[in-house]
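# Descriptive structure summary
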Amino acid sequence: MSVSEQDRSQTRASRYHSTPLRVLGLCLLSVLAHARTFVYVANYNNSTVNVYAEHGKGNLVASQSVPTPGGPESVVADPLGYVVTADSLAHAVSAYRIDPTDGRLASAAVRPQGPGTNPFSVTASPGGHDIYVANSGDSTVGIYRMRGRQGVLIPDGRVHEAPGAKPYSVTFTPNGRYAYVANFGNATIGMYRRAPGHAALIPLGVFHEPPGDGPYGLAVGPDGRFLYVADFRANVLLVLAIGANGRLALKDRVTEPFDHHPDSLVIDPSGRYLFVANTSANDISIFRIDQADGRITHVGHVPTGGYPFSLTLDTAARFVFAVNFGNSTISRYRLDHSSGLLTAIGTTAEASDADPYSITAFTIPGRAARQTPGTAGSH
């Protein structure tokens, strides 16, 4: 069974080139090895966010299930210590403070966006502070500033894409200077500049894909030189060069098998590997990134559960997690840093009616965390 583009859209959503920075990255990974990672899953059908603790071997222990306003299609962990959801059915965005001792979530601060917005995804700016919500219903991007210990979201403007653009995702360059919006409805990518210390997005123009294509997931490499695009409708991956002025130019176009429908994608912190969730193929494609020109080469794939809608890595880049909408599970993999290949280490089952759409991870320094109570959620 495969998911058509229409069904999918309706049911869902540092450079390391120099030696000193490679050494710094290795030191960071060493520090993070002693930290605690928590994983958060947005479940669309039963309107919850489930909280899991990861204990260093890729296993997940369930600790909490938090109700949301309705139909969360996306979840992100803000660097300031909040989990934020895009609540599609409630036309709202919600922020939950992360308890630094055990990763559990406090009650939400909810910000309604207005009827018809249908928020599809949520993104935090590099370093936190600002939250961006792609609203597929009214073709806008809502902008919010994070304020206060309870994670109050203060509206700070809205970007209007072309009518019918249906923005599905937003991403930033690592320095936060440039932002890009994937417009699934009209096959374009909006290009924006973001002034230091400001949340507003200043238009730079529009990158046009071939007619009929549908850009979905976005990711920028850690060196900030290339934008990678998962085109769900055309079954292709785009490599776009980011110019000095933030404008995009086509570098490469890699065709995936016809029925794959690539969705979510993530890049490991070294910038060497790209992982792509293929919704209809029920697998993850693995690509090696050429550090010189950003081009990608396929090196393998691993099976997932049914309809993997979202991927995330833990901060130390030891594990990759995928949520499977089709059978309400989380697939867990160990990452081999020398080859980029993934080894399956187990599956975590959620409630049968959960229908997970999105997953994110957050790491807390080891001294701040304590043992998390809960029942084992992995098999």
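What you see is a predicted model, and the numbers here were worked out from it, not measured in a lab.

Conventions we followed
Sequence order as written defines residue numbering, which begins from 1 separately in each chain. Local features in this predicted model are restricted to residues of pLDDT 70 or higher, and side-chain atom pairs are both shown and tallied only at a pLDDT of 80 or more, whereas totals for entire chains, interfaces and linings draw on every residue. To get the side-chain values, take all heavy atoms of the structure and skip hydrogens and water. A run of H or I in DSSP becomes a helix once it reaches four residues, and a run of E becomes a strand once it reaches two; helices and strands are each numbered from the N terminus. The cut-offs for exposure are 20% and 50% of the maximum accessible area for each residue type, with area from a 1.4 Å probe on protein chains only; residues under the lower value are buried, those over the upper are exposed, and the others partly exposed. All accessible areas in this document rest on Shrake-Rupley with a 1.4 Å probe, and a residue is counted as covered only by the protein chains that are shown. By definition, two strands form a pair when at least two bridges between them are found by DSSP. Angles here are taken between N-to-C directions and fall from 0 to 180 degrees, while the axes themselves are lines fitted to C-alpha atoms, restricted in helices to the stretch in contact. In the sections that follow, a salt bridge refers to a side-chain nitrogen of Lys or Arg positioned within 4 Å of a carboxyl oxygen of Asp or Glu. A pair of aromatic rings is counted whenever rings of Phe, Tyr or Trp (Trp by its six-membered ring) have centres within 6.5 Å, and the orientation is called stacked for planes under 30 degrees apart, edge-to-face for over 60 and tilted otherwise. When the NZ atom of lysine or the CZ atom of arginine is within 6 Å of a ring's centre and also within 35 degrees of its normal, the charge is said to sit over that ring.

A count of helices and strands for the protein chain gives two helices and 29 strands. Here the protein chain, with 379 residues, has 60% of them falling under the buried criterion. Carbon together with sulfur atoms contributes 55% to the accessible area of the protein chain, which is approximately 14,300 Å² in total.

In spatial order, the strands read E20-E21-E22-E23; together these four strands make up an open sheet with antiparallel pairing. Taken across any chain shown, the strands that pair with only one partner, and hence form the sheet edges, are strand E20 (262–267) and strand E23 (296–303). In this sheet, adjacent strand axes meet at a mean angle of 25 degrees when their direction is disregarded. Of the strand pairs in this sheet, E20 and strand E21 (residues 273–278) are connected by four bridges, and their pairing is antiparallel. The partner of Ile267 across the bridge, within E21, is Leu274.

This brings us to the pattern of salt bridges. Across all of its chains, the model carries nine salt bridges by this definition. Across the pair Arg253 and Asp213 runs a salt bridge, and its minimum N-O distance is 3.2 Å. Here Asp213 lies in the loop between strand E15 (202–208) and strand E16 (215–220) and Arg253 lies in strand E19 (residues 248–255), a separation of 40 residues in the sequence. The exposure class assigned to Arg253 is partly exposed, which follows from its relative accessible area of 35%. On the accessibility criterion, Asp213 (8% relative accessible area) is buried. Within this structure, Glu54, Asp314 and Arg318 form a network of salt bridges that share partners.

Ordered in space as E12-E13-E14-E15, the four strands form an open sheet in which the pairing is antiparallel. Looking along the sheet, the strands with just one partner apiece sit at the ends: strand E12 (167–172) and E15. Pairs of neighbouring strands in the sheet enclose a mean axial angle of 20 degrees, with direction left out of account. Bridge analysis of strand E13 (residues 178–183) against strand E14 (residues 188–193) gives six bridges, and the strand direction is antiparallel. Considered in E14, the bridge of Ala182 is made with Ile189.

Attention now goes to the packing of aromatic side chains. Inspection of every chain in the model, using the stated rule, returns 13 aromatic pairs. Summarising the aromatic geometry, the rings of Phe309 and Tyr357 are spaced 5.3 Å apart at their centres and angled 55 degrees between planes, so their arrangement reads as tilted. Placement of the pair is Phe309 in strand E24 (residues 308–313) and Tyr357 in strand E28 (residues 356–364), with a sequence separation of 48 residues. Note on accessibility: Phe309 and Tyr357 belong to one class, buried. Consider the rings of Phe325 and Tyr357, whose centres lie 4.8 Å apart with planes at 40 degrees: the pair is tilted. Of this pair, Phe325 sits in the loop between strand E25 (319–324) and strand E26 (329–335) while Tyr357 is found in strand E28, placing the two residues 32 residues apart along the sequence. According to the relative accessible area criterion, Phe325 is buried, its value standing at 15%. Here a set of aromatic residues connected by ring pairs shows up, and it is made of Phe120, Tyr168, Phe184, Tyr216 and Phe232. Residue placement shows Arg233 over the ring face of Phe184; its charged tip is 4.6 Å from the ring centre.

The next subject is unusual backbone geometry. Notably, His91 is not glycine yet its phi reads approximately 50 degrees, a positive angle. With respect to the helices and strands, His91 occurs in the loop between strand E5 (82–87) and strand E6 (92–97).

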